[in-house]
Amino acid sequence: MEYSGPTDLYIGGEWREANSGETITTEDPATESAYATVQKADATDVDAAVQAATEAADRDSEWRAMDPDVRREKIHAMADAIEELKDEITMVEAHDNGKTPFEAGMEIDMVIDTFRHYAGWTDKIQGSEIPVSDSRLNYTTRDPVGVTAHISPWNYPFQLAGRSVAPALATGNSVVLKPSSVTPLSALYYAKAAEEAGLPDGVVNVVPGSGSEAGSALASHEDVDHVTFTGSTGVGKAIQQDAAEAVADVTLELGGKGPAVVYPDADLDAAARGIQYGIFMNAGQMCWANSRVVVHEDVADELVEKMADIAENIPLGGGIDDDGQMGPVVSEGQQQEILDYIETGKEEGATVAAGGGVPEEKDTGHFVEPTVFADVDNDMTIAQEEIFGPVLSIIEVGDEAEALTVANDSPFGLTACVWTNDLSRAHTVADRLDYGMVMVNETPNTWPQTPFGGTKQSGHGRAQGEEAVESYTEVKNVHVNLE
Ligand code: NDP
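Residues numbered from 1 in each chain as written. Predicted model: local features only at pLDDT ≥ 70, side-chain atom pairs only at ≥ 80, totals over all residues. Heavy atoms only, no water.

Enquirer: Now, about the sheet that holds strand 18 (residues 437-440): what can you tell me, with residues and values included?
Expert: Read from one edge to the other, the open sheet built from seven strands follows the order 13-14-15-12-11-17-18, with strand pairing classed as mixed. Two strands close off the open sheet at either side, each with one partner strand: strand 13 (351-354) and strand 18. Averaged over all adjacent pairs, the angle separating strand axes in this sheet is 25 degrees, with direction ignored. As judged from the five bridges shared by strand 12 (residues 292-296) and strand 15 (residues 391-397), these two strands associate in the parallel manner. Among the inter-strand pairings, H296 is bridged to a residue of strand 15, identified as V397. Across the sheet, helix 12 (residues 332-347) lies against strand 13, strand 14 (371-374) and strand 15, angled at about 20 degrees from strand 14, the strand it touches most. (Pairing = 2+ DSSP bridges. Helix = DSSP H or I, 4+ residues; strand = E, 2+ residues; numbered from the N terminus. Axes fitted to C-alpha atoms, helices over the stretch in contact; angles between N-to-C directions. Contact = heavy atoms within 4.5 Å.)

Enquirer: So what's going on with the environment of V203? Which residues, and what values?
Expert: Along the chain, the position of V203 falls in the loop between helix 7 (188-197) and strand 8 (204-206). Taking the C-alpha atoms as reference points, V203 and V147, 56 residues apart in sequence, are found 8.9 Å from one another. Once residues within four sequence positions are removed from consideration, V203 is found in contact with A56, W63, L169, N173, S174 and V175.

Enquirer: Before we move on, can you summarise the nonpolar core with the specific residues and values?
Expert: In terms of nonpolar packing, the biggest core is built from 72 residues, with V262, I275, V293, L303, M307 and W419 touching the most fellow members. A161, A168, A170 and A193 belong to the second largest nonpolar core, which has 49 residues in total. (Core = buried A, V, L, I, M, F, W, Y, C linked by side-chain atoms within 4.5 Å. Buried < 20%, exposed > 50% of the residue type's maximum accessible area, 1.4 Å probe, protein only.)

Enquirer: Any details on the site of the ligand? Residues and values, ideally.
Expert: With respect to spatial proximity, 30 residues lie near the ligand, and among them R163, S181, S232, L254 and E386 are the closest. Within the backbone of L254, a nitrogen or oxygen atom sits 2.7 Å from a nitrogen atom of the ligand. When the ligand sits alone it has 890 Å² of accessible area, and the protein chains cover 87% of it. More than half of the atoms belonging to the ligand lie within 2 Å of the grid points that define the largest pocket. Listed by contribution, the elements that provide at least two residues to the shell around the ligand are helix 6 (157-170), helix 8 (211-219), strand 9 (226-230) and helix 9 (233-244). In terms of residues, the shell around the ligand owes the most to one element, helix 8, which gives three residues. The residue inventory of the shell around the ligand, partitioned by class, reads 13 nonpolar, 13 polar and four charged. (Near = heavy atom within 4 Å. Polar contact = N/O pair within 3.5 Å; in protein donor to acceptor, adjacent residues only side chain to side chain. Areas by Shrake-Rupley, 256 points an atom, 1.4 Å probe, with all protein chains shown as cover. 1 Å grid on protein atoms, 1.4 Å probe; cavity = no way out; pocket = protein on both sides within 12 Å on 5 of 7 lines; lining within 4 Å. Sits in = over half its atoms within 2 Å of the grid points. Nonpolar A, V, L, I, M, F, W, Y, C, P; charged D, E, K, R; others polar.)

Enquirer: I'd like a description of the side chain of R163, backed by residues and values.
Expert: Relative to the helices and strands, R163 resides in helix 6. The buried charged residue R163 lacks any salt bridge, with E253 as its nearest oppositely charged partner at 4.0 Å. The residues touching R163, leaving out its near neighbours within four places in the chain, are T114, T230, E253, F452, A463 and Q464. (Lys, Arg positive; Asp, Glu negative; His and termini not counted. Salt bridge = Lys/Arg side-chain N within 4 Å of Asp/Glu carboxyl O.)

Enquirer: Outline the pairing of strand 12, supporting the account with residue identities and numerical values.
Expert: Among the five residues in strand 12, five count as buried, and that is most of the element. Burial of strand 12 is two-sided: the residues R292, V294 and H296 facing one way and the residues V293 and V295 facing the other way are all buried. The handedness of the strand 11 (residues 259-262) to strand 12 crossover, carried by helix 10 (residues 268-280), is right-handed. (Right-handed = clockwise from strand over helix to strand, strands pointing away.)

Enquirer: Describe empty space enclosed by the protein, naming the residues involved and giving the relevant values.
Expert: Within the structure shown, the criterion is met by four cavities of 30 Å³ or more. If you trace the largest cavity, you find 14 residues lining it, with A289, S291, E386, I387 and F388 closest to the centre. Here the lining of the largest cavity is composed, by residue class, of seven nonpolar, five polar and two charged. (Points joined across faces, edges and corners; volume = space filled by probe spheres on them.)

Enquirer: An account of the pattern of salt bridges is needed here, citing residue identities and associated values.
Expert: The full count for this structure, using the stated rule, is 15 salt bridges. Its salt-bridge partner being D123, residue R72 comes within 2.9 Å of it at the nearest N-O pair. A residue pair is termed long-range when its members are at least 10 positions apart, and R72 in helix 3 (residues 68-84) and D123 in the loop between helix 5 (101-119) and strand 5 (136-144) qualify at 51 residues. On the basis of relative accessible area, R72 is assigned to the partly exposed category, the value being 22%. Taking the shortest distance from any N to any O, the salt bridge between D109 and K86 comes out at 2.9 Å. One end of the pair, D109, is in helix 5; the other, K86, is in helix 4 (residues 86-97), with 23 residues separating them in the sequence. When its relative accessible area of 34% is taken as the criterion, D109 is described as partly exposed. According to the relative accessible area criterion, K86 is partly exposed, its value standing at 22%. Sharing partners across several salt bridges, the network here consists of R72, E73, D123 and K124.

Enquirer: Before we move on, could you go through helix 9 and cite the residues and values that matter?
Expert: Taking 1.5 Å of rise per residue, the twelve residues of helix 9 would be expected to cover 16 Å, and the 17 Å separating its terminal C-alpha atoms lies within 8% of that figure. Those residues of helix 9 that fall on the buried side of the exposure criterion are T233, G236, I239 and A243. Projected down its long axis, helix 9 carries its buried residues within an arc of 105 degrees, all on one side. Exposed positions of helix 9 whose direction lies more than 90 degrees from the buried face are G234 and Q241. Contact partners of the buried residues in helix 9: strand 6 (147-151), helix 8, strand 9, strand 10 (249-253) and strand 16 (412-413). (Expected span 1.5 Å × (residues − 1). Arc of directions from axis to C-beta.)

Enquirer: Describe the environment of T141, with residues and values.
Expert: Considering the arrangement of structural elements, one finds T141 in strand 5. Residues T141 and L188 lie 47 residues apart in sequence; the distance between their C-alpha atoms is 33 Å. Look past the residues within four positions of T141 in its chain and what remains in contact with it is G127, E474, V475 and K476.

As far as function goes, none of this settles anything; it's purely spatial.
Pasting the structure below:
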């Protein structure tokens, strides 16, 4: 399917070519051929987008003054527009990123749910009254922060942009969205949806461009009030420094190296299926992947066998052309990085139980075999660093205390899974895991109403849930002397 979607930048309600005349050509990772060419924003385009967003978020603007029930209908209208475009966006995402249409469709569904969830928030953003001494009235309100910047990655291009754009809009802010230049296409559909929904000009602006130029210009722009960044830990640190220029608030959703802790009393078949999704969905390119399994020695061999069997039987495919359940990884560079990690794992003494290279039957496309390493020590590189590919490391432990020590021994703290049928153990372990999200007897999973985010090098702040409403609003305290 040829790309026939939007290709221009969207600034101030207009579709525009980039000032520099430069473009980005994206590749279909399954076919290795060019898929689409879009305009490439530079710092001057970003500045124009921020100016448009500043006007749209002005105190007297139509958007800021809009009644909450009218804003609610606008956000629902965006959800309707996305729903209408779902089949098209699904195929664009599958071609642009390499994921299967099933995986892409899940992204679009989650975005529709997220917009509908936050549409319901528009008339529930409340302050409180605070008792103070004598005859005084003291209360708080929650105001929009103003111009919000959103810098999103390539692994879930549509969903990870939408999960911050929706609450930012519902709370009355304007948005400048810079998607990854590796997968810039689906973000442009937010502009289409905003246009369709009749949002005032400048409320939504979309500027595909490189991270080093457009991204950095956006994060450091003095008129940006909040930056939401989803991406690698290294770039997240740079963004935090850039945003300090404008003393802008920052939400950082960064990398992970999540453990799945499996106890001997767990349902091992259910655990194996859960771990399968947690490491082989999206070809393992997931921040919250359970890329480490920490398993009790009594059931370790059995689990290794199950995981190897699963890995060897996952049909690979470019998704759009066949019945593949796992697509290629996003680029040749990403493929090479993953293969390098696999070599490191072998060199450091881990045992390849399944996969371990490029599939023989795939001579086109950036495919990597679903790979399972056994006999992994938690100090090994493959257990400490985020691989961001379909590579599972299985670490055997002797008792409950060791399981917790190993699970927490990571620079990251995004998601941990616990597999046990002992209720008391489940809650005790959940309490002691240093992670922002803990799943019990569940693969990594999330909903628009649940907070998403991590500790340590996985970032700070939370996407989704009530916490996102707090991120995109500023508390004002009003103090009235009644005497
Ligand atoms: P990157 O950090 O490379 O890029 C993320 C975004 O930042 C892209 O839009 C990129 O643009 C942009 N960018 C790059 N450099 C700069 C810069 N100096 N200033 C401003 N923006 C910049 O991450 P990836 O796209 O490679 O995504 C993978 C990473 O994201 C993984 O580490 C993963 O764990 C993490 N991630 C975290 C999630 C979470 O919720 N915690 C969810 C999903 C992914 P460009 O692509 O054009 O360079």
